[in-house]
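# Coordinate analysis (summary)
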2 protein chains.
Amino acid sequence: MERIERRAFVRKAAAGVVGAGALSSCEGDGASNTTVQAGTVVSGPRVEWRLASSFVPSLDIIHGAPLRVAERIATLTEGHFTMRVFASGELVPGLQVMDAVQAGTAQAGYTAGYYYIGKHPALAFDTAVPFGFTPRQQNAWLYHGGGLELMRDVHAEFDIINFPCGNTGLQMGGWFRNPVGSVADLRGLRMRIPGIGGEVMTRLGASVQVLAGGDIYPALERGAIDATEWVGPYDDLKLGFHQVAGNYYMPGWWEPGPTLSLHVNREAYDALPPAYQEMLAEVCREVNYDTLARYDAANPSALQTLVEEHGVAVKEFPRDLMEAAWRESEAYLEDRAVESPEFRRVYDSFKSFRGTAYPYFAGNEQVYAAFAFPRVGASRTAG
Amino acid sequence: MERIERRAFVRKAAAGVVGAGALSSCEGDGASNTTVQAGTVVSGPRVEWRLASSFVPSLDIIHGAPLRVAERIATLTEGHFTMRVFASGELVPGLQVMDAVQAGTAQAGYTAGYYYIGKHPALAFDTAVPFGFTPRQQNAWLYHGGGLELMRDVHAEFDIINFPCGNTGLQMGGWFRNPVGSVADLRGLRMRIPGIGGEVMTRLGASVQVLAGGDIYPALERGAIDATEWVGPYDDLKLGFHQVAGNYYMPGWWEPGPTLSLHVNREAYDALPPAYQEMLAEVCREVNYDTLARYDAANPSALQTLVEEHGVAVKEFPRDLMEAAWRESEAYLEDRAVESPEFRRVYDSFKSFRGTAYPYFAGNEQVYAAFAFPRVGASRTAG
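All values reported here derive from a predicted model rather than from experimental measurement.

## Observations regarding empty space enclosed by the protein
Following the criterion strictly, the structure yields nine cavities of 30 Å³ or more and no others. Estimated volume of the largest cavity: approximately 290 Å³. Lining the largest cavity are 17 residues, with Arg-136 and Glu-365 of chain A together with Arg-136, Phe-361 and Glu-365 of chain B positioned closest to its centre. Secondary structure elements with two or more residues in the lining of the largest cavity: helix H14 (364-372) of chain A together with helix H5 (135-144) and helix H13 (341-372) of chain B. In terms of residue count, the dominant contributor to the lining of the largest cavity is H13 of chain B (five residues). Grouping the constituent residues of the lining of the largest cavity by class yields nine nonpolar, four polar and four charged. Taken as a whole, the second largest cavity spans an internal volume of roughly 120 Å³. The wall of the second largest cavity is formed by Arg-136, Asn-139, Tyr-289, Leu-292, Ala-293 and Asp-296 of chain A together with Arg-136, Asn-139, Tyr-289, Leu-292, Ala-293 and Asp-296 of chain B.

So, in structure tokens, the structure goes:
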């Protein structure tokens, strides 16, 4: 079978249109080391999972992550292990993905841990906390700094095994109808910003609102809110916020390197053959990193489009706002640690890792970036 | 079979101590979707490869990358596809890995493209060029900016298919016996620095030498050279340069995000079943990203050790040196592009991508880093 045809075949299998047994031949074993023939190599059991995503297909990099997990697992298993991916609302509402996986309604879910801090406050660290880790630091902490073990312990309480599966990069600070001259301008400002970022914004005087993606644009247009944050240039451009709020602020200090996660029901996971478990872990690790690379390739030209074609003014948050945000963010995390020993256990690891990582990145990496980046092209900063 | 035992078994298989056929049973297919039993799922042909590395085992993150590729491929294929990894010099000298793969002496090699710019000047872009891409930019360019396709074309001339397989992060600027006060201090300075970085340092007046890893320390100790660069804190600490050259400079502008590559002999690759090819690609992508995460976890505490326990002074290259280095680096790349249409083809893609990426990272990412990183712990910068 030709390579191209074979891949199409595997995709069909993944989509469930190939009859049972079509890929079940067991050939090729015992070939010598030098002469190897192409052919079917996977003869494991057929497994079909439901995967509930918290996201909608228009967010094609984020929602694309579980689609890529499904596609790659189907490819590696030659269509024996498949996942049917449901967008937000198709199987369960987007914010109930964790519940659905815990209950076994879906064997897997794609979501953000910090949606569920009501269940367990330390789930915030699975995604992002204000002034937390950049993408590289988050990956280093999760995979090689003890972070993933801690997060596995937290998820185990919900019979879920979690896999980091999509880092989106530092978010932008969002869209403001009017310029922000100082932290005082946040007083009474009606901003759509969920999660811990919203908690800190409240401490800074903002009137925080939580709106679903589709409701933001009309609210901003009719003046029901003054500002909103979303993700970054590539995703923001699609929603058209620049048409109704022309000031695009940076940085998104409340989410320096947010990581989305694949949740897997423990019982479903334990029933997998070990090789399928290993493939799942391998693919999730790769998709986690790769999602960042996709954003890093897509965001720069999207920002260029926003600035050059739509006249968006990219601005830095004023220094006093940043100082106050740092202060209140640190206070918020300390307060949670006082309240919750479970939060503190992860917080201590986070803080210790950050205590070494930040000074290191402030050195070599930062010195390079500060010198080199501004030397190419026009600065995108105005005002 | 218990999970732990199974993994040990796979490791033994990978080491070649399990007889042919031991893993060849073809069971489990046709199981229902709900009841899945653990067991052997891979029944493909046995493949054993030789993998020649350009590195030595003491560089445990770099040389660990091909070891992890081999281990993970063996795990995913349940020991059916194994690779025996040879360190530099065991099968072929470290700088002849590409030749060995092209000739089929080894089916695979782990090396740095820029070792072979004598064969093809554009191979530099596979690893790093001065003032080129940071790790995130390099990954975005390779995987989602057309870079990998271009590098595949270059490698195809050598009957090699290349897989990015280990980003080491921005290198440090190296160890200097005496402080560097300005670019004028480079005149006549005897520095060990290979590759294009060495070419640019020569343009800046340095007397450049190329020494293998083991020869650097004694040369520095007896004063035969005045300075050397190596990799970064984690690897540098092991070689003990701080004992004979107390000034540790940053940044390593000649290698902002070097990527090491797995080379695979085309004929050996084509003989693989498609599922093994997919597993190899998947594992290499993951190991490429993961190598960076390992360095990002290891470098910060290594630098802390160098500063706090060994009294190393971490310093920034003076501004006039950086300006001159930028100028000469850009001139060097332009000169190569004039000489070689093959170089220009990749250079144009590189330059276009950098033209969008640098301004973007100069904005959001850089503004965040400049504010947040210095707020934690003591600055590691002296002098």
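Resuming the write-up.
## Focus on the sheet that holds strand S3 (residues 108-111) of chain A
All names here are of chain A. Strands sit in the order S2-S1-S3-S10-S4 across an open sheet of five strands; the sheet is mixed. The sheet terminates laterally at strand S2 (81-86) and strand S4 (160-167), the two strands that pair on one side only. Here the strands of the sheet are splayed against their neighbours by 25° on average, with no regard to which way each runs. Summarising the sheet, S4 and strand S10 (residues 259-265) pair through six bridges and their orientation is antiparallel. Counterpart to Pro-164 in the pairing with S10 is Ser-261. Against the sheet, helix H2 (residues 64-76) touches strand S1 (47-53), S2, S3 and S4, its axis set at about 160° to S2. Running over the sheet, helix H11 (residues 274-308) touches S1, S2, S4 and S10 and is turned about 30° from S4.

## Some thoughts on the sheet that holds strand S5 (residues 174-176) of chain B
All names here are of chain B. One open sheet holds the six strands; their spatial order is S7-S6-S8-S5-S9-S11, and the pairing between them is mixed. Pairing within the sheet leaves two strands with one partner each, and these edge strands are strand S7 (207-209) and strand S11 (313-316). The pairing of S5 with strand S9 (residues 247-250) spans three bridges and is antiparallel. Following the sheet pairing, Trp-175 is matched in S9 by Tyr-248.

## A few points about the interface of chain B and chain A
Frequently, the measure chosen for interface size is the accessible area removed from exposure when the parts meet. At the interface, 105 residues of chain B touch 105 residues of chain A. Taking both partners together, chain B and chain A bury about 9,200 Å²; carbon and sulfur atoms supply 64% of that area. Counting across the chain B and chain A interface gives six salt bridges. Salt-bridge contacts for Glu-323 of chain B lead to Arg-375 of chain A; the nearest nitrogen and oxygen are separated by 2.6 Å.

## Topic: the relation of the copies chain B and chain A
Under the fitted operation, chain B is carried onto chain A by 0.0 Å of movement along the axis and a turn of 180°, and the coordinates agree to an RMSD of 0.0 Å. The symmetry that links the two subunits is that of a two-fold axis. Taken together, the interface assignments show that 100% of the residues at the interface of chain B recur at the interface of chain A, consistent with an identical surface on both copies.

## So, H2 of chain A
An α-helical turn contains 3.6 residues, so a residue and the one three or four places further along point in the same direction. Residues and elements named next belong to chain A. For H2, spanning 13 residues, the distance from its first C-alpha to its last is 18 Å, which sits close to the expected 18 Å at 1.5 Å a residue. The element H2 is largely enclosed, with a buried count of 11 among its 13 residues. Among the residues of H2, those classed as buried are Gly-64, Ala-65, Pro-66, Arg-68, Val-69, Ala-70, Arg-72, Ile-73, Ala-74, Thr-75 and Leu-76. Directly beyond the C-terminal end of H2, a positive phi value near 50° is found at Glu-78.

Calculation criteria
- Residues numbered from 1 in each chain as written.
- Chains lettered and ligands numbered in written order.
- Predicted model: local features only at pLDDT ≥ 70, side-chain atom pairs only at ≥ 80, totals over all residues.
- Heavy atoms only, no water.
- 1 Å grid on protein atoms, 1.4 Å probe; cavity = no way out; pocket = protein on both sides within 12 Å on 5 of 7 lines; lining within 4 Å.
- Points joined across faces, edges and corners; volume = space filled by probe spheres on them.
- Helix = DSSP H or I, 4+ residues; strand = E, 2+ residues; numbered from the N terminus.
- Nonpolar A, V, L, I, M, F, W, Y, C, P; charged D, E, K, R; others polar.
- Pairing = 2+ DSSP bridges.
- Axes fitted to C-alpha atoms, helices over the stretch in contact; angles between N-to-C directions.
- Contact = heavy atoms within 4.5 Å.
- Buried area = accessible area lost by both parts, 1.4 Å probe.
- Salt bridge = Lys/Arg side-chain N within 4 Å of Asp/Glu carboxyl O.
- Least-squares fit on C-alpha atoms with pLDDT ≥ 70 in both.
- Expected span 1.5 Å × (residues − 1).
- Buried < 20%, exposed > 50% of the residue type's maximum accessible area, 1.4 Å probe, protein only.

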